[in-house]
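# A look at the structure
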Amino acid sequence: MERRNYRHVEVRRVAGALGAELHGVDLAQDLDDDVIGEIRQAWLDNLVVFFRAQKIRPARRLAFARRLGEPMAYPQLTGLPDYPMITPVMKLETERNNFGGVWHSHTTYLQVPPMASMLYAIELPPVGGDTEFANQYLAYETLSDGMRAMLVGLTGVSSSMKAEASKTREDRLKAAGQEVKPLEAEHPIVRTHPETGRKALYLNIGHTAKIKGWTEKESAGLLAFLFEHQIRPEFTCRFRWQPGSLALWDNRCAMHNAINDYHGYRRILHRITLAGDRPA
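Residues numbered from 1 in each chain as written. Predicted model: local features only at pLDDT ≥ 70, side-chain atom pairs only at ≥ 80, totals over all residues. Heavy atoms only, no water.

### So, the side chain of Asn204
Our working rule: Starting at the N terminus, helices and strands are each numbered in turn, a helix being any DSSP run of H or I of at least four residues and a strand any DSSP run of E of at least two. A 1.4 Å probe rolled over the protein chains alone gives each residue an accessible area, and that area as a share of the maximum for its type sets the label: buried under 20%, exposed over 50%, partly exposed in between. Any pair of nitrogen or oxygen atoms within 3.5 Å is treated as a polar contact; in protein, a donor-acceptor pairing is required on top of that, and neighbouring residues in sequence qualify only through side-chain atoms on both sides. Here, residues are in contact when the closest pair of their heavy atoms is within 4.5 Å.
Position of Asn204 among the secondary structure elements: in the loop between strand 11 (199–201) and strand 12 (208–211). Taking relative accessible area as the criterion, Asn204 reaches 0% and is therefore assigned buried. At 3.4 Å, the side chain of Asn204 and the side chain of Thr108 are in polar contact. Excluding residues within four positions of it along the chain, Asn204 makes contact with Trp103, His104, Ser105, Thr108, Phe227, Gln230 and Met255.

### A word on the sheet that holds strand 15 (residues 254–258)
Note the cut-off: Should DSSP find at least two bridges between two strands, the strands are taken to pair. Fitted lines through C-alpha atoms serve as axes, helices being fitted only where they are in contact, and the angles separating the N-to-C directions of these axes extend from 0 to 180 degrees.
The three strands lie next to each other as 13-7-15, forming an open sheet whose pairing is antiparallel. Among the strands making up the open sheet, the edge pair consists of strand 13 (236–239) and strand 15. In this sheet, neighbouring strand axes are inclined to one another by 20° on average, regardless of whether the strands run parallel or antiparallel. Where strand 7 (residues 131–135) meets strand 15, five bridges bridge the pair, whose relative direction is antiparallel. Bridge pairing in strand 15 places Thr131 opposite Ala258.

### Some words on the packing of aromatic side chains
Rules: Between 30 and 60 degrees the pair is tilted, below 30 it is stacked and above 60 it is edge-to-face, where a pair is any two Phe, Tyr or Trp rings, Trp via its six-membered ring, whose centres lie within 6.5 Å. Here, over-ring charges are defined by two tests on the NZ atom of lysine or the CZ atom of arginine: distance to the ring centre within 6 Å, and angle to the ring normal within 35 degrees.
Summed over all chains, the structure comprises five aromatic pairs. Between Phe51 and Phe64, the ring centres sit 6.1 Å apart and the planes meet at 85°, which makes this aromatic pair edge-to-face. Residue Phe51 is located in strand 3 (residues 48–51), and its partner Phe64 is located in helix 2 (residues 58–68); the two are separated by 13 residues in the primary sequence. In terms of burial, Phe51 and Phe64 fall into one category: buried. Here the aromatic rings of Phe239 and Trp241 are separated by 4.9 Å at their centres, their planes lie at 80°, and the arrangement is edge-to-face. Comparing Phe239 with Trp241 shows no difference in burial state: the two are buried. The ring of Tyr137 carries the charged tip of Arg198 above its face, separated from the ring centre by 4.0 Å.

### Brief notes about the nonpolar core
Just so we agree on the cut-off: Working definition of a nonpolar core: buried Ala, Val, Leu, Ile, Met, Phe, Trp, Tyr and Cys residues. They are joined through side-chain atoms within 4.5 Å.
By size, the foremost hydrophobic cluster in this structure holds 28 residues, and its most contacted members are Val25, Leu27, Leu31, Ile39, Phe51 and Phe64. Contributions of two or more residues to this core are made by helix 1 (33–46), strand 3, helix 2, strand 6 (116–123), strand 14 (246–250) and strand 16 (267–274). By residue number, the principal contributor to this core is helix 1, which donates six residues. Each residue touching Val25, except ones within four places of it in the same chain, is listed here: Val9, Leu31, Val35, Ile39, Phe51 and Gln54.

### Some remarks on the packing of helix 1 against helix 2
Using the following cut-off: Oblique is the label for every angle not falling under 35 degrees (roughly parallel), over 145 degrees (roughly antiparallel), or within 65 to 115 degrees (roughly perpendicular). Gly counts as polar in this scheme, as do all residues outside two lists: the nonpolar Ala, Val, Leu, Ile, Met, Phe, Trp, Tyr, Cys and Pro, and the charged Asp, Glu, Lys and Arg.
Direction vectors running N to C along helix 1 and helix 2 enclose 75°, while the axes themselves pass 10 Å from each other. Comparing the axis directions of helix 1 and helix 2 gives the class roughly perpendicular. Contacts between helix 1 and helix 2 involve Asp33, Ile36, Ile39 and Arg40 from the first element and Phe64, Arg67 and Leu68 from the second. Taken together, the residues that form the contact of helix 1 with helix 2 break down as four nonpolar, no polar and three charged.

### Some thoughts on the side chain of Arg252
Looking at the secondary structure, you find Arg252 in the loop between strand 14 and strand 15. For Arg252, the side chain forms a polar contact with the side chain of His193, separated by 3.4 Å. A polar atom in the side chain of Arg252 sits 2.8 Å from the side chain of Glu195. Other than its neighbours up to four places away in sequence, Arg252 contacts Trp43, Leu44, Met115, Arg191, His193, Pro194, Glu195, Ala200 and Tyr202.

### Focus: the environment of Ala224
Considering the arrangement of structural elements, one finds Ala224 in helix 6 (residues 216–229). On the basis of relative accessible area, Ala224 is assigned to the partly exposed category, the value being 42%.

### With respect to the sheet that holds strand 9 (residues 184–188)
Pairing within the open sheet is antiparallel, and its three strands lie in the order 9-8-12. In this open sheet, the two strands that pair with only one neighbour each are strand 9 and strand 12. Averaged over all pairs of adjacent strands, the angle between strand axes in this sheet comes to 30°, irrespective of strand direction.

### With respect to the environment of Thr142
Mapping Thr142 onto the fold places it in the loop between helix 3 (136–141) and helix 4 (145–151). Taking the C-alpha atoms as reference points, Thr142 and His229, 87 residues apart in sequence, are found 9.3 Å from one another. The contact partners of Thr142, leaving out residues within four places of it in the chain, are His229, Arg232 and Phe235. At 3.2 Å, the side chain of Thr142 and the side chain of His229 are in polar contact.

### Details of the pairing of strand 14
Looking along a regular strand, one sees side chains alternate from face to face of the sheet. Among the five residues in strand 14, five count as buried, and that is most of the element. Here strand 14 shows two buried faces, one formed by Leu246, Leu248 and Asp250 and the other by Ala247 and Trp249. The pairing of strand 3 with strand 14 spans four bridges and is classified as antiparallel. When the bridges of strand 14 are listed, Val48 appears paired with Trp249. Bridging between strand 6 and strand 14 involves five bridges; their strand directions are antiparallel. Across the sheet, Ala116 pairs through a bridge with Asp250, a residue of strand 14.

Here's what the structure looks like:
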């Protein structure tokens, strides 16, 4: 990663592959454009950035998000009554399945999937409930020349109904009396990041069901290899949540996985999703 001189924020990398904590910033305040510019640059360089001990109300979280992009509604899930663009992400003490407990990039089953996600800790278990992130630039760049050549032009078919990711979403919708609607989209398996110009793998076990033009059986072998490859430990970092923690990650080049290791305890976070563009 390129080393930069930051004047307004302190950037502490958390792993060799991706991830950095940003210090010296109070997100509850109106931030100068120069500060926002450095936050955005650190985010592009590190794929996911973390802020600690932030006391920031929903309106201020939305205001900060709008300095970075355009908040969008999360498909099929209801946001907070007064802030529909903020979606609760929760597991109750009586539940066994968590939300997002599989490696994925958010909502790749949309024709125009999101650019970024911002998650803020509200209530946490005494231990557990960490989130892992994986660098998909590295996942692509460490493939052999032959494999990269084979992936050129391949398109993945993403579905909202893949069992690995749909369990808890279906539970939430049914509890609210809402209908589960299948959504599907096609995106290149290798995408070029519109801001950095770097290529990244863009598929995930949570949503990618098959390769376009291939049968599911034909797709299974290649997808299984890529799903395993793209989460190799050396591509990852792990974030331990604390009260007031906020994470901001780039869905275009990073995947994440919410670890489900805190049965019997409540975990509540609030998510804001930022609109993106069509992968290419």
